[in-house]
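An overview of the molecular structure
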Amino acid sequence: MITAEAGKRAAAVAAIAYIPPGAVIGVGTGSTVTYFIDAIGESGAGVTRAVATSIDTEQRLRRVGISLVALEDADKPLALYVDGADEIDFLGRAIKGGGGAHTREKRVASASTAWVCIVDDGKPVDHLGIRAPVPLEVESTALTEVVAAVTALGGSPELRARILTDSGNPLVDVHGLDLFDPLRMEDALEAIPGVIACGIFARRRADVILVGREDGSVLTLIPNDEGSSR
Ligand code: 5RP
């Protein structure tokens, strides 16, 4: 198992303890979440129904015997949302969408009482935007205007080649944005006509961050305590 994988798996297994008995939970997308789904299957955590955020997650949940509930049919708020991140700061603000699922992820995270973010120790950052670009899901007919608007905001947009979202839309990865105020940039990007959602999660921040390390230990960060850990 390579280093990041051990950390992802450790964080994912630690998230099992946060599942309320009998709850319908929201489940994100990505390789760390894949470990979480496997861990649900192995743990007997009692999850029988979940709201998924991508076709990939739907398939994996079904494989471990969990039934799917559409977000619109679920009782809201969901008690728990578990998902990873491409970068996360110590206030729980994140960049997501490396897997292109951030629009649905944002909807489910926003409909949940608590978001437990599971990451390996390469993901926490002091300031967002250090490594990860900000993904945008864009209406295909609006690409030209969106590229111009994002450039005017100081970003360098790059179309993600040969990839469409589950909804059939293109993705644009924006490098070089000033993310000193992530919430302001999230609002600015989502105000551009044709942008369906951006990958900045500052309006809906993580409530708990579980950081898995290569030795299998897990650091728990509570973002509202401005980086204090236990
Ligand atoms: C998918 C996401 C993922 O949570 C993010 O890309 C992290 O993925 P991984 O767990 O594979 O590192 O936002 O849209």
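Since this is a predicted model, take the numbers as computed values, not measurements.

**Thoughts on the sheet that holds strand β10 (residues 170–175)**
Within the open sheet, the four strands sit side by side as β9-β10-β8-β11. Their pairing is antiparallel. Strands at the two margins of the open sheet, each flanked by one partner only, are β9 (156–164) and β11 (195–198). For this sheet, the mean inter-axis angle between neighbouring strands, taken without regard to orientation, is 30°. Relative to β10, β9 runs antiparallel, the two sharing five bridges. What sits directly across from Ser156, in β10, is His175. Here helix α6 (residues 182–190) sits on the sheet in contact with β8 (134–138) and β11, set at roughly 165° to β11.

**Considering the packing of helix α1 (residues 3–15) against helix α2 (residues 31–43)**
The N-to-C vectors of α1 and α2 enclose an angle of 50°; their axes lie 8 Å apart at closest approach. In terms of their interaxial angle, α1 and α2 are classed as oblique. The two elements α1 and α2 meet at a crossing, and its hand is right-handed. Within the contact between the two elements, α1 uses Glu5, Lys8, Arg9, Ala12, Val13 and Ala15 and α2 uses Ser31, Thr32, Tyr35, Phe36, Ala39 and Glu42.

**So, the sheet that holds strand β12 (residues 200–201)**
Pairing in this open sheet of three strands is antiparallel, and the strands run β5-β6-β12 from one edge to the other. Single-partner strands in this sheet number two, and they are β5 (87–88) and β12. Relative to β12, strand β6 (residues 94–95) runs antiparallel, the two sharing two bridges. Pairing of Ala94 across the sheet is with Phe201, part of β12.

**Topic: the site of the ligand**
Around the ligand, a shell composed of 18 residues is seen, among which Ser31, Thr32, Asp86, Gly97 and Lys123 lie nearest. Between the ligand and Thr29 there is a distance of 3.1 Å, counted from an oxygen atom to a backbone nitrogen or oxygen. Computed on the free molecule, the ligand has an accessible area of 380 Å², of which 91% lies beneath the protein chains in the complex. Elements with a contribution of two residues or more to the shell around the ligand: α2 and α4 (102–110).

Calculation criteria
Residues numbered from 1 in each chain as written. Predicted model: local features only at pLDDT ≥ 70, side-chain atom pairs only at ≥ 80, totals over all residues. Heavy atoms only, no water. Pairing = 2+ DSSP bridges. Helix = DSSP H or I, 4+ residues; strand = E, 2+ residues; numbered from the N terminus. Axes fitted to C-alpha atoms, helices over the stretch in contact; angles between N-to-C directions. Contact = heavy atoms within 4.5 Å. Parallel < 35°, antiparallel > 145°, perpendicular 65-115°, else oblique. Left-handed = near helix turned anticlockwise from the far one by under 90°. Near = heavy atom within 4 Å. Polar contact = N/O pair within 3.5 Å; in protein donor to acceptor, adjacent residues only side chain to side chain. Areas by Shrake-Rupley, 256 points an atom, 1.4 Å probe, with all protein chains shown as cover.

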